[in-house]
Amino acid sequence: MKSKWNLLFASAAIALLLSACGTDQSNGTPNDTTDDTPEVENGSSVENDGEDVEEPETDVQKENEEDVLKDAVPTASDAQNYTISVLPNYTLTSEEPGKDSLLADDNEAVFMRIETAPKEEGTYDYFTENLTAILEASSGGVAPTEVTDTTLIPSGEGIENAKVFSVQAESGPVTGIVFERGNMVVRLTIFDSSKEEHFNQFLKMSETIVEQS
């Protein structure tokens, strides 16, 4: 009988031992591991305390815009009281008293007419009203529209009250510009080609028109 009880106690002890081992393998602390792997940042944002933090964008080096007027030569009008910086491949010539033409050497149908007058009462309004009539006549009766895009309007120190109007003619766009600078009112009429390849150069040169000192 004693032997039988000893066998039962031994069996119970073995059962308890096996049960304890099973607990250690599944839930025991020695087998717990802490994930110390550093966080890997993927994509455009990383979680930080529950918030998405955007990664800084890669800096992209931008090329500086080439100075359009770097090769321009200051040129005085023969018939009017102003100077203008003229780019290579353009020629300034006098049409008649009070009117000059800045011609594109590769196409004489492309030019900018330049008119100036002393700033007196009514001169600015007259130039503006007469300009819209000129543009309408150039387009066969189509009324011009006012340009509001600031990149197409002359700017620079001393330029005031600049207005730009444009109309589409058969040969290409025709643009009229009026502005005041110092004691002078300037009116420009730009006749560009259908490819519109000269407007930017004419605009930049027009911003250099100043009274002769």
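Where an unreviewed UniProt entry is consulted, the protein chain appears under the name Lipoprotein, with the organism given as Sporosarcina soli.

Novice: Break down the overall build of the protein chain for me, with residues and values.
Specialist: A tally of helices and strands in the protein chain yields 3 helices and 12 strands. The buried share of the protein chain, taken over its 213 residues, is 33%. Across the protein chain, every contact between residues at least 6 apart in sequence was considered, and the portion connecting residues at least 24 apart equals 46%. By element, 48% of the accessible surface of the protein chain is carried by carbon and sulfur atoms, the whole surface being about 14,500 Å².

Novice: Give a description of the sheet that holds strand S7 (residues 107-118) that names residues and reports values.
Specialist: Taken together, the 7 strands give an open sheet; going across it, the order is S5-S6-S7-S11-S10-S9-S8, and neighbouring strands pair in antiparallel fashion. Bordering the open sheet on either side are strand S5 (90-96) and strand S8 (145-146), each of which pairs with just one other strand. In this structure, strand S6 (residues 99-104) lies alongside S7, joined through 5 bridges in antiparallel fashion. In the sheet register, Asp100 faces S7, and the bridge partner there is Ile114.

Novice: Run through the pairing of S7, naming residues and quoting values.
Specialist: Counting the residues that bridge the hairpin from S6 to S7 gives 2 residues. Relative to strand S11 (residues 184-191), S7 runs antiparallel, the two sharing 8 bridges. If you follow Ile114 over to S11, its bridge partner there is Leu188.

Novice: Tell me what's going on with the pattern of salt bridges, and back it up with residues and numbers.
Specialist: As enumerated under the stated definition, the model contains 4 salt bridges in all. Here Arg113 and Glu95 are joined by a salt bridge, their closest N and O atoms 3.4 Å apart. With a gap of 18 residues between them, Arg113 in strand S7 and Glu95 in strand S5 connect regions that are remote in the sequence. Judged by its relative accessible area of 37%, Glu95 falls in the partly exposed class.

Novice: Tell me about the sheet that holds strand S3 (residues 73-76), and please be specific about residues and values.
Specialist: Sheet architecture is open: 3 strands sit in the order S3-S4-S12, paired in antiparallel fashion. Edge positions in the sheet fall to S3 and strand S12 (210-211), since each has one partner strand and no second. As paired elements, S3 and strand S4 (residues 82-86) share 4 bridges and run antiparallel to each other. The residue of S4 that forms the bridge with Thr75 is Ile84.

Rules and cut-offs
Residues numbered from 1 in each chain as written. Predicted model: local features only at pLDDT ≥ 70, side-chain atom pairs only at ≥ 80, totals over all residues. Heavy atoms only, no water. Helix = DSSP H or I, 4+ residues; strand = E, 2+ residues; numbered from the N terminus. Buried < 20%, exposed > 50% of the residue type's maximum accessible area, 1.4 Å probe, protein only. Contact = heavy atoms within 4.5 Å. Areas by Shrake-Rupley, 256 points an atom, 1.4 Å probe, with all protein chains shown as cover. Pairing = 2+ DSSP bridges. Salt bridge = Lys/Arg side-chain N within 4 Å of Asp/Glu carboxyl O.

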